[in-house]
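Reading the structure
Spelled out, the chains give:
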Amino acid sequence: MDQQLAVFIAVAEKKNFSRAAEELHMTQPAVSQYIQAFEREVGTRLLERTNKYVKLNKAGEVVYDHAKEIIGLYTKMQRLVDDLTNKTSGPLAIGASYTFGEYILPHVIANMLEDHPLVTPTISIGNTRDIAELVSKHQMDVGIVEGDFQHDKLVIEPFAEDNMFIVAAPDHRLAKMKKIIPQDLEEERWIVREVGSGTRKAADNMFESLKISPEHLMEFGSIQLIKESVEAGLGISLLSQWAINKELSAGTLKKVQVDALPFTRKFSIVTSSPYRTKALDTFLEFVRKVSSGGG
């Protein structure tokens with residue numbers, strides 16, 4: 001069954017029998033036989049086939065989603081059994097939201113691999129909502145997310161505070177003001193992340209706490225793009241101290257002095273199972289050493 005699932009997943013993702021066969025180091029007829037046998041076992045067709053492509057039908061989409069979860073659980077089971085007799089080693093699938101993933105996680109991984117070089121991490125960066133969903137479906141071993149996050153199927157462990165500041169270009173009018181009131185902020189163009197991002201949630205919470213409703217919002221899907229845009233004078237933004245340390249040191253960004261700031265939020269670890277590999281437990285030890293504020 002596990003081989004049938006692996007073949008089915010490969011065909012679904014490659015949308016082509018030949019490319020799936022090449023990835024699996026199998027012949028195309030063998031792949032076709034596996035798919036036919038799997039469809040007979042499930043009791044319905046899962047793929048729509050034409051001369052140009054292969055794609056999932058509605059039943060196939062349901063099976064694909066669950067097949068990914070089953071394979072993820074099976075792989076985790078094998079690693080847990082291996083852990084009983086072996087050293088800390090093996091694959092570790094890590095998901096992280098943008099701030100932690102781009103500015104903190106590389107240092108955590110580097111420190112871990114110094115002591116545990118047999119661990120082989122893979123990292124995916126996405127917004128908080130997407131990372132949590134992948135962890136809940138067992139497609140990632142662990143996620144690091146931002147803000148006051150809640151999820152019925154996940155174990156959530158806040159482990160560090162993140163200080164956030166409003167930033168502007170050095171020649172922006174707000175960067176030069178010593179006394180700023182909420183009305184000053186409301187009139188500005190704000191550059192924010194998309195809905196579902198922890199950084200966007202923090203900005204929305206700050207607007208609510210300051211009782212302002214900025215009319216000019218621009219949504220960008222990357223913190224780096226937001227920083228570049230703020231430096232260029234396009235607007236202002238609320239960003240993590242971790243994300244702006246280099247720019248503050250270089251003088252390309254300035255903190256806007258507002259009495260209510262810094263705005264704080266939490267970083268949280270999210271996992272989906274009480275059973276953890278040695279690699280995951282080791283990684284979490286290094287994650288928990290992260291201090292608040294970024295310096």
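Scanning the chain for helices and strands turns up twelve helices and eleven strands. A total of 295 residues make up the chain; the buried ones form 46% of that total. Residue pairs in contact within the chain that sit at least 24 positions apart in sequence constitute 74% of those at least 6 positions apart. Summed over its atoms, the accessible surface of the chain is roughly 15,200 Å², and 51% of this surface lies on carbon and sulfur atoms.

With that settled, consider the pattern of salt bridges. Under the defined criterion, the tally for this structure stands at 16 salt bridges. Taking the shortest distance from any N to any O, the salt bridge between Arg-265 and Glu-146 comes out at 2.8 Å. In this pair, Arg-265 is assigned in strand 11 (residues 263-271) and Glu-146 in strand 5 (residues 142-146), connecting sequence segments 119 residues apart. Glu-146 matches Arg-265 in its accessibility class, with the two residues each being buried. Between Asp-259 and Lys-179 there is a salt bridge; the shortest N-O distance is 3.6 Å. One end of the pair, Asp-259, is in the loop between strand 10 (254-255) and strand 11; the other, Lys-179, is in the loop between strand 6 (155-168) and helix 8 (182-186), and 80 residues separate them in sequence. Take Asp-259 and Lys-179: they sit in the same class, and that class is exposed.

Before going further, it helps to spend a moment on helix 2 (residues 17-24). Taken together, the buried positions of helix 2 are Phe-17, Ala-20 and Ala-21. Projected onto a plane normal to the axis of helix 2, the buried residues spread over an arc of 100° and lie on a single side. Two or three places before Ser-18, at the opening of helix 2, Asn-16 has a side-chain oxygen 2.8 Å from that residue's backbone nitrogen. His-25 sits one or two positions beyond helix 2 and adopts a positive phi of about 60°.

Turning to the nonpolar core, a few remarks are in order. Within the largest apolar cluster, 37 residues are counted, with the highest numbers of intra-cluster contacts made by Phe-100, Ile-104, Leu-105, Val-108, Phe-159, Phe-283 and Val-287. In terms of residues, this core owes the most to one element, helix 12 (residues 278-287), which gives six residues. Apart from the residues lying within four places of it in its own chain, the contact partners of Val-108 are Phe-100, Phe-283, Phe-286, Val-287 and Val-290.

The next thing to look at is the environment of Phe-159. Within the secondary structure, Phe-159 sits in strand 6. Separated by 130 residues in sequence, Phe-159 and Lys-289 have C-alpha atoms that sit 8.7 Å apart. Every residue in contact with Phe-159, bar those within four places of it in the chain, is listed here: Phe-100, Ile-144, Phe-267, Ser-268, Ile-269, Val-287, Arg-288 and Val-290.

Thresholds, definitions, all that
Along each chain, residue indices are assigned from 1 in the same order as the chain's sequence is written. Predicted model: local features are reported for residues with pLDDT of at least 70 only, side-chain atom pairs are reported and counted for 80 or more only, and whole-chain, interface and lining totals are derived from all residues. Note: side-chain values were computed over all heavy atoms of the structure, leaving out hydrogens and water. Each helix is a run of H or I in the DSSP string that is no shorter than four residues. Each strand is a run of E no shorter than two, and both are numbered from the N terminus. Partly exposed residues are those whose accessible area sits between 20% and 50% of the maximum for their type, while under 20% is buried and over 50% is exposed, using a 1.4 Å probe and protein chains only. In this description, contact between two residues means that some pair of their heavy atoms is separated by no more than 4.5 Å. A 1.4 Å probe and the Shrake-Rupley method give the accessible areas. Residues count as covered only by the protein chains that appear here. Any carboxyl oxygen of Asp or Glu within 4 Å of a side-chain nitrogen of Lys or Arg constitutes a salt bridge here. Directions are taken from the helix axis to each C-beta atom, and the arc is the one they span. Pairs of N or O atoms within 3.5 Å make up the polar contacts considered here, provided that, within protein, one atom can donate a hydrogen while the other can accept it, and that residues adjacent in sequence are counted only when both atoms are side-chain atoms. Nonpolar cores are built from buried Ala, Val, Leu, Ile, Met, Phe, Trp, Tyr and Cys residues. Side-chain atoms within 4.5 Å join them into one set.

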